[in-house]
Amino acid sequence: MKRLTLILLGVLLCTPLYSDMNPYIAGVPVSGGGDTCNTLIYGNLEGANNYNLDICDHTDTYFVGQTYVNFDAEKTICKLSFSMTLEAGDISGKTYYAVIAPLNGTSMDVENIIATSSGVTGSNSWSETAVDFIFSPGVTLSKSKEYITAITTESVDASNYAVMNLTQTNVIAGGVRAFTSDGTLTNSSSYDAIWGAYESD
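Here the residue numbering is sequential within each chain, running from 1 through the sequence in written order. Side-chain atom pairs in this predicted model are given and counted only at pLDDT of 80 or more, local residue features only at pLDDT of at least 70, and totals for whole chains, interfaces and linings cover all residues. Only hydrogens and water are set aside when side-chain values are computed; all heavy atoms of the structure are taken into account.

A few words on the overall build of the protein. Each helix and strand in the protein was counted, giving 2 helices and 17 strands. Counting across all 201 residues of the protein, residues that qualify as buried make up 41%. Every residue pair with non-hydrogen atoms within 4.5 Å of one another is taken to be in contact. Contacts in the protein between residues at least 24 apart in sequence constitute 82% of all its contacts with a sequence separation of at least 6. The way it works is that DSSP assigns letters per residue, a run of H or I at least four long becomes a helix, a run of E at least two long becomes a strand, and they are numbered from the N terminus. When accessible area is computed with a 1.4 Å probe and restricted to protein chains, residues below 20% of their type maximum are described as buried, those above 50% as exposed, and intermediate ones as partly exposed.

Structure, rendered in structure tokens:
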């Protein structure tokens, strides 16, 4: 009996815990690696808030976002961050998404949207708040191609909506645009979004 007890004890001591084999238990990271998404590659998140543009308060603002050209080498975007503010009513029941799409002339190519982020629940406390939209897996963008990174709630509501905050400082190449749900351009601004694009570390 003593010999059997010692054998069992030895097996238990030499067997790795489940938490050693599985990096997540009940959604809590226990061990193991994984990419983070904190490297800012484009953007002007420090820009002063000079203006704003409504998001989904009208059919003309179904998509609102920032155009830019990927000037450098091919990049893989894992997160977009936009400065947003509650403008009217209650947006706590709304879900916001960021999308990345190519441009077709002045139109947003909605038939070929490259990626849609995970949804973000609206907050009535947003006030020039940097709201993060995550893309998992990351989205690879080609060099020297112009894209639109836009926000939508996928529904129009003139009484309950947020705005995208815009700036004239730390201006990046591109500009803010608004589009209908079919991609027709309705607003073209010389302002830029207070906006950032990130890649994995």
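Aromatic pairing here means that ring centres of Phe, Tyr or Trp (its six-membered ring) are within 6.5 Å. Orientation follows from the plane angle: under 30 degrees is stacked, over 60 is edge-to-face, and everything else is tilted. Taken as a whole, this structure holds 7 aromatic pairs when the rule is applied. Their ring planes at 25° and their centres at 5.1 Å tell us that Tyr51 and Tyr191 sit as a pair that is stacked. With Tyr51 in strand β4 (residues 51-54) and Tyr191 in the loop between β15 (185-189) and β16 (192-193), this residue pair connects regions lying 140 residues apart in the sequence. Feature note: the residues Tyr42, Tyr68, Tyr147 and Trp195 constitute an aromatic cluster, connected by ring pairs. The ring of Tyr198 carries the charged tip of Lys79 above its face, separated from the ring centre by 4.4 Å. The criterion for a charge sitting over a ring is simple: Lys NZ or Arg CZ within 6 Å of the ring centre, and within 35 degrees of the ring normal.

Buried Ala, Val, Leu, Ile, Met, Phe, Trp, Tyr and Cys residues that are joined via side-chain atoms within 4.5 Å together make up what is termed a nonpolar core. One finds Leu80, Phe82, Met84, Tyr96, Phe133 and Trp195 to be the most contacted residues of the largest nonpolar core, which totals 34 residues. Looking at this core, the element that brings in the most residues is strand β11 (residues 129-141), giving 5 residues. Apart from the residues within four sequence positions on either side, Leu80 is in contact with Ala98, Ile100, Val131, Asp132, Phe133, Phe135, Thr149, Trp195, Gly196 and Ala197. Residues Phe63, Val99, Met108 and Ala150 belong to the second largest nonpolar core, which totals 9 residues.

Moving on, we come to the state of the cysteines. In a disulfide, the sulfur atoms of two cysteines are held together by a covalent bond. In this description, the term disulfide denotes a pair of cysteine sulfurs within 2.5 Å. Within this structure, the stated rule accounts for 1 disulfide. The disulfide bridge from Cys37 ends at Cys78, spanning 1.8 Å between sulfur atoms. The disulfide joining Cys37 to Cys78 has a torsion of about 100° about its S-S bond and is therefore right-handed. Pair noted here: Cys37 is in the loop between β2 (28-29) and β3 (39-43) and Cys78 is in strand β6 (residues 75-88), with a separation of 41 residues, a long-range link. As far as the burial class goes, Cys37 and Cys78 line up, both buried.

Moving on to the confidence of the model for the protein. For any part of a model where pLDDT is low, the fine detail of the predicted coordinates should not be relied upon. Averaged over all residues, the pLDDT of the protein equals 81, while 81% of them reach at least 70. Mean pLDDT in the protein bottoms out at strand β1 (residues 24-25), which sits at 24, and peaks at strand β10 (residues 120-121), which reaches 98. Note on scores: pLDDT gives the predictor's confidence for each residue, bounded by 0 and 100. Considering only residues more than four positions removed or in separate chains, one finds that residues 1-34, a stretch of pLDDT under 50, has 14 contacts.

This part is about the side chain of Ser189. Relative to the helices and strands, Ser189 is located in strand β15. A relative accessible area of 14% means that Ser189 is categorised as buried.

The next point concerns the pattern of salt bridges. Should a side-chain nitrogen of Lys or Arg be within 4 Å of a carboxyl oxygen of Asp or Glu, the pair is scored as a salt bridge. For the coordinates displayed, the defined rule picks out 2 salt bridges. Taking the shortest distance from any N to any O, the salt bridge between Asp132 and Lys79 comes out at 3.9 Å. With a gap of 53 residues between them, Asp132 in strand β11 and Lys79 in strand β6 connect regions that are remote in the sequence. The partly exposed category is assigned to Asp132, whose relative accessible area is 35%.

Okay, the pairing of strand β14 (residues 175-179) next. Among the 5 residues that make up β14, 4 are buried, leaving the element largely enclosed by the rest of the structure. Should DSSP find at least two bridges between two strands, the strands are taken to pair. Both strand β5 (residues 63-69) and β14 contribute to a ladder of 5 bridges, which runs antiparallel. Counted as the bridge partner of Gln66 is Val176 from β14. Where β14 folds back on β15, the antiparallel hairpin that results is connected by 5 residues, among which Gly183 adopts a positive phi of roughly 95°.

What follows concerns the side chain of Asp57. Looking at where Asp57 falls in the secondary structure, it is placed in the loop between β4 and β5. Positive: Lys, Arg. Negative: Asp, Glu. His and the chain ends are not part of the count. In this structure Asp57 is buried but unpaired, with Lys94 as the nearest side chain of opposite charge at 11 Å. Looking at Asp57, its side chain comes within polar contact range of the side chain of Thr61, at 2.8 Å. A 3.5 Å cut-off defines polar contacts: any pair of N or O atoms within that distance qualifies, except that in protein one atom must be a possible hydrogen donor and the other a possible acceptor, and neighbouring residues in sequence count only when both atoms are side-chain atoms.

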